[in-house]
Every structure is written in C-alpha cells, then in structure tokens.
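Chain and residue survey
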Amino acid sequence: MSQCISMKPRIAIHYCNLCRWVLRASWLAQELLFTFDTDLSEVALCPGLKGGFDIYVDEQLIWSRKEQGRFPEAKEIKQLVRDIIDPERNLGHSDRKPTDHQ
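A brief look at the structure comes next. (Residues numbered from 1 in each chain as written. Predicted model: local features only at pLDDT ≥ 70, side-chain atom pairs only at ≥ 80, totals over all residues. Heavy atoms only, no water.)

1. Let's talk about the sheet that holds strand 1 (residues 10–16)
Spatially, the 4 strands line up as an open sheet ordered 2-1-3-4, and their pairing is mixed. Two strands bound the open sheet, and with one partner strand each, they are strand 2 (42–48) and strand 4 (60–64). Across this sheet, the average inter-strand angle for adjacent strands is 20 degrees, counted without regard to direction. Here 7 bridges tie strand 1 to strand 2, and the two strands are oriented parallel to one another. Paired with histidine 14 across the bridge in strand 2 is cysteine 46. Most of the contacts of helix 1 (residues 22–35) go to strand 1, to which it runs at about 165 degrees, and overall it touches strand 1, strand 2 and strand 3 (53–57). Sitting on the sheet, helix 3 (residues 74–85) touches strand 1, strand 3 and strand 4, and the angle it makes with strand 4 is about 165 degrees. (Pairing = 2+ DSSP bridges. Helix = DSSP H or I, 4+ residues; strand = E, 2+ residues; numbered from the N terminus. Axes fitted to C-alpha atoms, helices over the stretch in contact; angles between N-to-C directions. Contact = heavy atoms within 4.5 Å.)

2. So, the pattern of salt bridges
Tallied over the entire structure, the rule returns 5 salt bridges. Salt-bridge contacts for lysine 78 lead to glutamate 31; the nearest nitrogen and oxygen are separated by 2.9 Å. Note that lysine 78 is positioned in helix 3 and glutamate 31 in helix 1, a separation of 47 residues in sequence. What makes lysine 78 buried here is its relative accessible area of 8%. (Salt bridge = Lys/Arg side-chain N within 4 Å of Asp/Glu carboxyl O. Buried < 20%, exposed > 50% of the residue type's maximum accessible area, 1.4 Å probe, protein only.)

3. Remarks on the packing of aromatic side chains
Per the counting criterion, the structure on display carries 3 aromatic pairs. Consider the rings of tryptophan 21 and phenylalanine 71, whose centres lie 4.8 Å apart with planes at 90 degrees: the pair is edge-to-face. Highlighted residues: tryptophan 21 in the loop between strand 1 and helix 1 and phenylalanine 71 in the loop between helix 2 (65–68) and helix 3, separated in sequence by 50 residues. By relative accessible area, tryptophan 21 is classed as buried at 16%. Three or more aromatic residues joined by ring pairs make a cluster, and in this case those are Trp21, Phe53 and Phe71. (Phe/Tyr/Trp six-rings, centres within 6.5 Å; stacked < 30°, edge-to-face > 60°.)

Shown next, in the form of structure tokens:
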C-alpha cells in the first residue's frame with residue numbers, strides 16, 4: 001500500500017484505555033467521518049492513560065475532558081472541527097440553535 005501526502009486535516013482522539021473510553025472515542029470518530037468524509041485525511045484513535053480524553057485537529061487541541069470537566073457532545077466537536085477546516089460549511093441540524101418559544 002502506498003502512502004500519499006495529504007494537505008487535509010488529521011483528527012486525533014486521545015482517550016484513556018484504562019477507563020475503557022474506546023467506545024466513546026470510536027463513536028466520535030465515526031460521527032466525524034460521516035460528517036467530514038472527504039475533508040479529512042484521517043481520524044486516529046490514540047490510547048493513553050490517566051483519564052484523558054483530548055481531541056486534536058492536526059496539532060491544535062480543540063477539546064480536553066479535564067479542562068472542560070465533561071465529555072463533548074458530537075454536535076460540539078463537529079462545530080469546532082468545522083470552524084477550523086471550513087468555517088462557511090453548514091452542518092444542518094448540528095448548527096440549529098434552540099428557538100425561543102414565547
């Protein structure tokens with residue numbers, strides 16, 4: 001298999017394997033691949049330790065569970081990735097804001 005050099009962004013999801021967060025990481029990877037299928041070079045799952053759950057676009061940290069105090073919603077990650085790779089892109093239902101019912 002030959003490797004090609006891509007100018008497309010790479011997503012890396014670092015998760016704690018001791019905490020068994022691989023399913024959460026793989027679910028988010030799947031969501032990103034469905035949404036940004038041809039716009040990414042890859043989505044990598046990177047096992048680690050110490051309760052981490054961090055998401056990077058290339059080398060830029062866009063989410064840290066420890067800093068945020070919680071796991072991200074898929075909608076949040078999609079918006080953060082979109083804002084970096086294609087700010088004008090419409091994410092459909094993931095962009096909808098709650099409406100005021102008065």
